[in-house]
Structures are given as C-alpha cells and as structure tokens.
Amino acid sequence: MQWNLICKQSDLVVDAGVAAMVNGKQVALFYVPAAPEQVFAIGNWDPIGKANVLSRGLVTHLQGQWSVASPLYKQHYSLLDGQCVEEDVKVPAWPTKLVDGKVYIRQPD
Amino acid sequence: MISKTSNRALKPHLVVIGNGMVGHHFIEQLIAQGGQDLYQITVLGEEPHLAYDRVHLSEYFSGKGAADLAMTDGSLYDENGIRYFTSSQVTEIHREAKTLTLETGEFLPYDKLVLATGSYPFVPPIAGHQRDNTFVYRTLEDLDAIRACAQHATRGTVVGGGLLGLEAANALKQLGLETSVVEFAPRLMPVQLDESGGEVLKVMIEKLGVSVYANTVTQEIIDGDDAYHRMNFADGSHLETDLILFSAGIRPQDALAKQSGLTVGERGGIAINNHCQTSDDSVYAIGECALWNNRIFGLVAPGYTMAKTAAGHLLGDASLSFTGADMSTKLKLLGCDVGSIGDAHGQSQGCKVFVYQDEMSQSYRKMVVSEDGKKLLGAVLVGDNSYYDTLLQYFLNAIDLPDQAQSLILPAMGDAPVGLGVDALPATASICSCHNVSKQDISDAVCKGALSVGDVKGVTKAATGCGGCAALLKKVVDNELLSLGVEVSTDLCEHFAYTRQDLYNLIKVEEIKSFKALLAKHGKGHGCDICKPAVGSILASVWNDYVLKKEHISLQDTNDRFLANMQKDGTYSIVPRIPGGEITPEKLIVLGEVAQQYKLYTKVTGGQRIDLFGATLSQLPAIWKQLIDAGFETGQAYGKSLRTVKSCVGSTWCRYGVNDSMTMAIDLENRYKGLRSPHKIKFAVSGCTRECAEAQSKDIGVIATEGGWNLYVCGNGGMKPRHGDLFATDLDDATLVKYIDRVLMFYTKTADRLQRTSVWMEGLEGGLDYLKSVVIEDKLGMCAELEAQMQAVVDTFQCEWKTTLEDDEALKTFRQFVNSEGEDTNVVFVEERNQVRPATDLEKQQLIAKVG
Ligand code: SRM
Ligand SMILES: Cc1cc2nc3c(=O)[nH]c(=O)nc-3n(C[C@H](O)[C@H](O)[C@H](O)COP(=O)(O)OP(=O)(O)OC[C@H]3O[C@@H](n4cnc5c(N)ncnc54)[C@H](O)[C@@H]3O)c2cc1C
Ligand code: SF4
Ligand code: FES
C-alpha cells in the first residue's frame, strides 16, 4: 500500500468530480473544500447503471454525510466509504491526501 | 343495419334508448360491473354523435371541437361487444311484443329497456316562434346553426333569464353580438335566486354590456325594420334583433312513454320508483326524462346516480336506490359568480334569514337557517362563490352552525379564520356530487397509495365531472395526507426552508448571484442534488449567466454540466438546434458528415430535429466545433429550457395554410431559446386548424386563423398527456409574443421545480381564468416587469457550446481522465441496421473473450 500521485490540485473541479485512471482502474475524484478530507476517491463504476459515470454526478451533503448522486439513476454513494444509501451495494473507496498542490491516493497495487 | 334475429337464446337483450350523458354513464356503470357478460347490449341514439359533454357545451364556442367534448370515441363500446347506432331514432315501443320500431321502419326486440331520452328545450308558443333565425341551445347541431347565423348578425336576444339562458347569452356575446336577455319573471334566475339576489345579478350583467329586460312578456315576433326580427312586448315596447335564442326551460322527452302507455306525470316526465323502474318493470327510465316523486332533475349528477342505480338493479343488486338529489348549484355566468343551495327562497317553516349586501363591490349573500339557528337550510350567493363550498357542506351534512353563524357570509376581516375546516366534515360528506364521491372514498384512496390530487382523481373520478369540487377535493386530500403523517412540507429540501418561488424572489430582490451566497444567507449545510440544480436553474433564469462559469459548474446535473444528454453507457447525444424543423440540404449534409466521421448513431427525433448518439465525453468539444463552424447552435436538449418549436409548412406551401406558421415557429424558437425554466418547455405552430404540428399538445401552442393566431397554453404529451387550453384568439403577431412572454415568465417565476406548465396552471388558485386575468388583464400589475425580464433573457442569449469552446478552463472538464489519454474501455458498440448501438452485457463478454 503506497501513496500514488494522481494529478495536480488544479486538475480538480471545486465541489464536483473528475475521473482518473489508476493502475488500470477508473477512479472518481471529488474536490470538496468544505469537508475535512478535502479530496475523496471512490470507484468510477456505477454498479446499478453499469457504466463508468460516478465522477460525473452531483456532490451532495445529506444529514451530515457527503455523497455523490449517480447521474444515471440518482442513487447516492457515500464519498467516505462508497456505500450506496438506497441499495445494498458498495463501490470501493480509497484514502487520499492533498500536499503542495498535488493529489495522492493510497491503493493496494 | 340492425339484425332482426335476436340473440335471446344466448343472452337477454338489453336496449338503451338515448345516448346522452346519462345513457353513456349507464353503459360505463354496466361495464364496470361486468354487465356485458349477462346481457347482449344495444344502444340507440338519435343524435349523429355518440354521447358528448353537454354540461360543457358552451366550450364548443371557445375553441373545443366535437372530439374534445366527446365522452367516448366508441372504443369502450367496441371493446365490450356493445352494439351502438347513432342517428337512430326510436319511434314506438310495443310493450306486449317487447319490440321497438325505429324511424327507418326497422324492428328490434328487447328483454329489458332503458329510456335515457333526456329532455328538449321548451319554446313558448309566441306568435312567430318558428321564424327563421330562431334557435334553441341543446345540441352541437344547434350551436353550429347559431354560429352560422351569427356570422351575419349584429344583435342577438335570448328569451329566458335562467341558468341556461344566461349561459347562452354569454355565448352570443362571445360570438360578437350585441346581446339582450328577455325574462318574463320579475328577476333573473327566478328558480335559484330571491329578488335581491336577482337584482344584484342584473346590475352586474348589465355592466358587462348585456341588456336585461325583466318582467317582460313577448307577445309576437314579426319582421323588423332595421334588424331581422322585431319582438313586440306586452307593455307596448319592442326590441329589434337579428337572432333569437329560446331558453325558456326544458321539458322531459317522454314521447315514447306516452305512446306506449307508461305512467307519466301531470306535467310530463316518466314516473319511476327508487330502482328507476317505470310502471312496466322491464322498462327503466333515467336522467332528465325521469320523474321521481313528482320531480324532474335537470342536472347531470342526479342522472348519474339514477344510472348507477338502474345498472345495479339490472345486475341483481337491489341495495342501490335513488332517493332524490341535492339541486344546489354554483356557476360562473358571464363572469359573475352565482350560487344557490337548498331552500334559497326561505320557504321552510319558521326559518330565519341572514343577509349581507355590498353595493360597492356588487355582492349579495343570504343564509336561510332553521328556527333554532342550528342548521343551514339554504343559501344564495351572487358575486363571490368563495363561500359556497363551506356553506354546502354545512347544508349537506347537517353540521351544527357555529355561534356567530353570520360570519360564514361576512367578508373576512383581519385574519380570523372563516369557513369550515375539512377536518370537521363527517366521513359520509359528499365531496363530489357528479361522481358521488364521499370524504371516506377519498381517504380510502389516499390510504391505498393515491398520494396526490391527480392520483385521487384517477381512482375516484372526483372532480372530473363539472369540476366544481376541485378546490374542496384538494383540501380534503391535503388533510388526509397530513393525518397520515405524510408531510406536505413545501420546503425545497433540508438545506432551504423555502419553496422554489420564495428562492426565486430572494435571488431576484436581493440580487444574489451564486449558490454559495444564497446558502450563506438563507440556507444551511452544503446543498444536495435537489437544491443545487434548482438554484442553478433560477440563477440562469434571473441572471442568464453562462452555466459553466466556475461558481455554477458544481450545480449542474450531468447533462447541463457537459451540455449533452448522458446515455445508458455513459456516452452522450448531440442535438443541434433546428428551429421549426427547417434545415437546408447543406446543413443536413454537415450533420451526415459529422455523424459519419465520429460513427454516431443518427435518428430523427420526435421533436423534428436530428440526434447523434454515442459521442464520448472527450469527443464532445471537437464535434461541437465542427457543428458550430457550420452554423449550428446548441439545441439545449439537456436543459430545463425551451426544447423545440414544432411546425408545419403552413401557408408558404400548403394549400390550406392561412398564415406563415414556419416563420412564426422559427421566430418563436429563436426568441425563447435561451430561457431556463422550472421544467422543459415545448411549442408548436400550425398553419391552420388541421393542426399538423399538434400545437394543442404543447406547453405553448399557436394555430393560425383567418384573423391571426389562436394561442393555447399548458398542454403536454408525456406521462400524463393534457390538451392545451385555448387562451386567446385571433391575436396579431405582437400581441401573441407579448402574451407568451408573460405566460412563460410568470411560469418561470412561480412554478415549482420540475413542474411542467400544465401542473403549474392546475395548481394556481383559479386556474386558467386566473392566468388569463394576470396575463391579459394585468391583474397583478406585473406584465411590464414580466416582459422586461423576458427581453433581458432574450438580449443576453449565448450559445453555451460556443462560449465553452472559447473557454479553456471549461474545456478541461471534458477530459475523459485527468491523468491519462485513454478512452473508457467499457464503451463498446456493435452494429445493427448499419449503425452503431451500445453492446449488451452479454455481447461485451463475448467480444472481450474474443479479444482476450
Ligand atoms: C430524443 C427524443 C426521443 C426520440 O428519439 O425522438 C427524446 C429523448 C429523451 N426524452 Fe423525451 N425525447 C424526445 C421527444 C419527446 C416528446 C415528443 C415531442 O417533444 O414532441 C415527448 C412528449 C411531449 C412532451 O414532452 O410533452 C417527450 C417526453 C419526455 C418526458 C416526459 C415529460 C412529461 O412531462 O411527462 C421525459 C422525462 C422528463 O422530462 O422528465 C423525457 C425525457 C427524455 C430524455 C431526456 C430522458 C433522459 O434523461 O435520457 C431522453 C434523452 C434525449 C437525448 O438523449 O437526446 N421525454 N420526449 C426526442 C427528442 C426531441 C428533441 O428534438 O429534443
Ligand atoms: C348548455 C347546457 C349547460 C348545462 N350545464 C349544466 C351544468 O353546469 N351542470 C349540470 O349538472 N347540468 C347542466 N346541464 C344539464 C345536463 O346537460 C343534463 O342534465 C344532462 O345532459 C342530462 O343527460 P341525459 O342523458 O338525461 O339527457 P341528454 O343529454 O339530453 O340525452 C338524451 C339523448 O337521448 C336522445 N333521444 C331522445 N329521444 C330519443 C329517441 N326516441 N330515440 C333515440 N334517441 C333519443 C337525444 O337525442 C339525446 O341525445 C346543461 C345543459 C345544457 C344544454
Ligand atoms: S396545419 Fe394546415 S397549413 Fe399546416 S400543413 Fe397542416 S393543413 Fe397545411
Ligand atoms: S361535483 Fe362535479 S365534478 Fe365533482
């Protein structure tokens, strides 16, 4: 387990997501300055819509929890642990850090 | 035409004579209870049409066609094996032989017979009553004849100042005639109103330009000097008029009963018992031809109850019975509210009366209460019917009156609550009399999951008859929801304790320009997928900023953020604007070339434009660059905004076109294309009444007429199709645009999020009439502001794709991956009918297996 440098902070979009490719896996990165974590990383694959789209959903804050609404069928996925709020499915989630304008995520390789 | 061999051996033969509103309802009731399995059913109607909505007959003059008024197109009958014959008059009943004779001489056997022959207009035997250019007001054919005559007439007179007479007067006025009403009783609406009420109504109606001659007896009708007729009155005076319409009451159509020896009343009407059987127990009579307890019921609701009773009895359910009906009515006549409940004339023993009269605002209200002051026995309302629902419920349910009973008819002072909470109504309270729906029926429907007024209407049919109970129904439904603990909160979401309309006003008045600023001032938390796009849309409506501006980007739903519609596999579709559906061959070729180059699936949409599917995120800017270079603009198929203005070719090409619908459609599309609205908006413009562009199914529909344009509003297709309502007629170009500006801006300001124009309009208190008063009469004094706001939107239009292509920051978001070049390997196409389509899961596995 090691920190992978993914991109620059300026590649991110405030309060929204972008997609990145990490070791052949699609990752959705969300930059949320209001959250203590600042940057979240979860899988880009929407297991219900069956497409790589989660990075293109709306970032939401519901009852104190940060999540993203899938752009296809609107289920919410927690940005912290990838758990789907409405259904019993889960997407992967990875720790992140933002240092000197650079974005890292920790992922088993 | 009609087979003479009966099917008796198989099933008894049930024949219904008369296919009016009640006859039709009877068939519906039979079918609902499976009657077609027990009986072979035949319907015979004298009119050339199947049953139509006579209650709304006058709307035939305000834009509705015969098809709009039709209660069935025959498919209900066909699907259930019911034979029906229009233009078929029955002339004789032979009760011993159990056969009928038709006008054509044909015979038809029956086992059970239902008479639903309705009534006919009474024409007083005044000398000259049969002259040309005299009419009655009952059928579609009557209205056609009146319309034809009115085209070369200037003055019209109605004989009879009752309910129908005043409705007919309104129709003559709408046809552009100088209108008079001649009533032989001392006041208008003598049956429903007392003297003072009649007087107030007379003043109101005269103010509207209709002359009223009360207490006037017509002696003869002869040739006029400067008009077609002259009516000579008993007092020596006279009136000249081109057209005369008799509306002096109705008489039950009991000719067949008399001919066949059934018992009829002294003054007509086929006598029936509580099961609606006549003096011959295999013959039933229902509706306006029937006489129960020596009374005729000239309204549709009692007729429906009779229909249900007779159908039940014929199917072996004797538990239903007809035991009279409430004849209370409320109406808007010539724009004046009139209501009458129970014993309006105060004839009950010992009753006491409260009267309120206001000569300033022309209103009159009277309550008749029992001797002990506890119960309401009757009421009269003129000028303001907002008191009607409450009074009616006190009356129908015999609810004890409050201590200060007179407060029920006094104008509201301060904010003291007047009226009866729906809570107080007993479960048996009748909410909709047309369809006999009680409060209990509504609460049952809500419990079973009908959680909106629309759903409850669908399940119970409440408010789908005369519509008079709609406001009350909404209150009852809301109340039921509340008591079930379903929150009818109007808060947008947990972040804003405001409605969309509140937020619109806050943003506008406080000049708030970003979501962050709004949240800081009026909200809490960080926003969600409900409030962000809603506020994004309001900001765009009010300030018309570029939607991908840094501070707005995170508010946009995926389609708005990437200015394209996401498809199931994560690719996008591309819809350039093709105003009015008109496109040059050159531009068509460009679309073809682009589609070919990027291998996009190509389809003509339901909105008369061309959609290219299967572009990946990173391809979008390049594709749009080529399209914009060729002169295309974004079609905003992704936005809650103007979609398409559908058009027909109109007078330029079509031999029937009466105006240039093509130019109008293109101009309208270009005018409103930048408007962001609560939901999508669709228009259509047709070049004549053949309506090839289907304008009546659009939010804004425009149809060319000889005199300009007719404007329809608030229609839609989709999940719950709704025909648009005729809003204004024969408009010139400038007025048309002005009205559309106002309607759309008022909608944008006041509608709920994701509420289309139809639902919005139905939710406005006062509905269409209210909208007209705001837009046409400027009731709220805001028309100038609405127009200015629309002009600002028009003036600040930008093609969002053009702006995006010039903005490097915005372009960055179209990268598939921030850290590498590759494409999404899950996007896989296969070919079908020579074009691509997304591969199915199975196909993907097979393809990957092959490659791997
Ligand atoms: C492409 C098209 C179907 C086609 O192959 O022809 C289409 C496609 C979509 N329609 Fe539609 N509708 C299309 C014409 C219509 C029409 C016909 C018309 O406009 O004359 C209707 C019925 C008329 C109406 O809206 O009143 C129609 C009623 C709907 C509805 C139901 C709206 C309602 O009020 O009930 C939705 C859902 C919604 O908007 O919430 C919808 C939503 C959609 C969406 C946006 C659904 C989605 O989110 O993926 C589809 C995506 C379009 C895309 O990817 O480009 N579409 N849709 C048509 C595009 C027209 C255009 O040129 O812009
Ligand atoms: C302009 C207008 C406005 C009205 N407004 C209201 C209102 O607001 N509220 C309300 O409750 N009511 C209203 N009414 C009254 C309402 O329309 C009637 O109560 C209702 O239509 C009665 O239905 P019915 O089926 O009994 O009679 P009808 O609708 O008259 O149907 C009888 C049918 O039987 C046919 N028929 C008759 N004899 C024969 C025969 N021998 N053979 C074959 N067919 C025959 C007739 O041609 C007719 O089609 C209004 C009526 C009019 C004209
Ligand atoms: S609506 Fe009228 S003008 Fe337009 S194409 Fe059809 S027939 Fe022609
Ligand atoms: S009372 Fe006529 S529709 Fe309900």
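Notes on the structure follow. (Residues numbered from 1 in each chain as written. Chains lettered and ligands numbered in written order. Predicted model: local features only at pLDDT ≥ 70, side-chain atom pairs only at ≥ 80, totals over all residues. Heavy atoms only, no water.)

Residue and element names in this part refer to chain B. Taken as a whole and assessed by the stated rule, the structure comprises 15 aromatic pairs over all chains. Ring plane angle 85° and centroid distance 5.6 Å describe the contact between W292 and F322, whose orientation is recorded as edge-to-face. Of the two residues, W292 is situated in strand β20 (residues 290-292) and F322 in the loop between α9 (300-314) and β22 (329-333); the sequence distance between them amounts to 30 residues. Of the two residues, W292 and F322, both sit in the buried class. In this structure an aromatic cluster arises from ring pairing among F562, Y572, W624, W801 and F814. (Phe/Tyr/Trp six-rings, centres within 6.5 Å; stacked < 30°, edge-to-face > 60°. Helix = DSSP H or I, 4+ residues; strand = E, 2+ residues; numbered from the N terminus. Buried < 20%, exposed > 50% of the residue type's maximum accessible area, 1.4 Å probe, protein only.)

Attention now moves to the side chain of A:N52. Along the polypeptide, A:N52 turns up in strand β6 (residues 51-52). Here A:N52 falls in the buried class, since its relative accessible area comes to 8%. Leaving out residues up to four positions away in the same chain, A:N52 has contacts with A:Q26, A:N44, A:W45, B:D824 and B:N826. (Contact = heavy atoms within 4.5 Å.)

The next thing to look at is unusual backbone geometry. Despite not being glycine, A:K74 shows a phi value in the positive range, around 75°. One can find A:K74 in the loop between β8 (65-69) and β9 (76-78). Judged by its relative accessible area of 39%, A:K74 is partly exposed. A positive phi angle is found at B:N834, which is not glycine, with a value near 65°. Along the polypeptide, B:N834 turns up in the loop between β38 (829-832) and β39 (835-838).

So, about the site of ligand 2. All names here are of chain B. In the vicinity of ligand 2 lie 30 residues, with E47, R54, R138, E288 and V300 positioned nearest. Within the backbone of E46, one N or O atom sits 3.1 Å away from a nitrogen atom of ligand 2. One nitrogen or oxygen atom from the side chain of R138 is found 2.6 Å from an oxygen atom belonging to ligand 2. Out of a free accessible area of 1,000 Å², ligand 2 has 92% covered by protein chains. When contributions to the shell around ligand 2 are tallied by element, the ones reaching two or more residues are α1 (21-32) and α6 (163-174). By residue number, the principal contributor to the shell around ligand 2 is α1, which donates three residues. (Near = heavy atom within 4 Å. Polar contact = N/O pair within 3.5 Å; in protein donor to acceptor, adjacent residues only side chain to side chain. Areas by Shrake-Rupley, 256 points an atom, 1.4 Å probe, with all protein chains shown as cover.)

Let's shift gears to the site of ligand 1. All names here are of chain B. Residues in close proximity to ligand 1 total 21 residues, the closest being Q567, G606, R609, G717 and R756. S573 is positioned with one of its side-chain polar atoms (N or O) 2.8 Å from an oxygen atom of ligand 1. At 2.8 Å from an oxygen atom of ligand 1 is found a side-chain nitrogen or oxygen belonging to K682. Taken together, the residues that form the shell around ligand 1 break down as three nonpolar, eleven polar and seven charged. (Nonpolar A, V, L, I, M, F, W, Y, C, P; charged D, E, K, R; others polar.)

All names here are of chain B. Strand order in the open sheet formed by five strands is β22-β23-β26-β25-β24, with antiparallel pairing between adjacent strands. Each end of this open sheet is capped by a strand with a single partner; those strands are β22 and β24 (352-358). On average, each strand axis in the sheet is tilted by 10° relative to the strand beside it, whichever way the strands run. As defined by bridge partners, strand β23 (residues 336-342) adjoins strand β26 (residues 376-382) across five bridges and the pair is classed as antiparallel. Each bridged residue has a counterpart across the sheet, and for G339 the counterpart in β26 is L381. (Pairing = 2+ DSSP bridges. Axes fitted to C-alpha atoms, helices over the stretch in contact; angles between N-to-C directions.)

Okay, the sheet that holds strand β16 (residues 243-246) of chain B next. Residue and element names in this part refer to chain B. Taken in spatial order, the five strands of this open sheet run β9-β16-β10-β11-β12, and their pairing is parallel. For this open sheet the edge positions go to β9 (134-135) and β12 (211-213), each flanked by a neighbour on one side alone. Where strand β10 (residues 155-159) meets strand β11 (residues 178-182), five bridges bridge the pair, whose relative direction is parallel. Across the sheet, the residue bridging to T157 is S180, located in β11.

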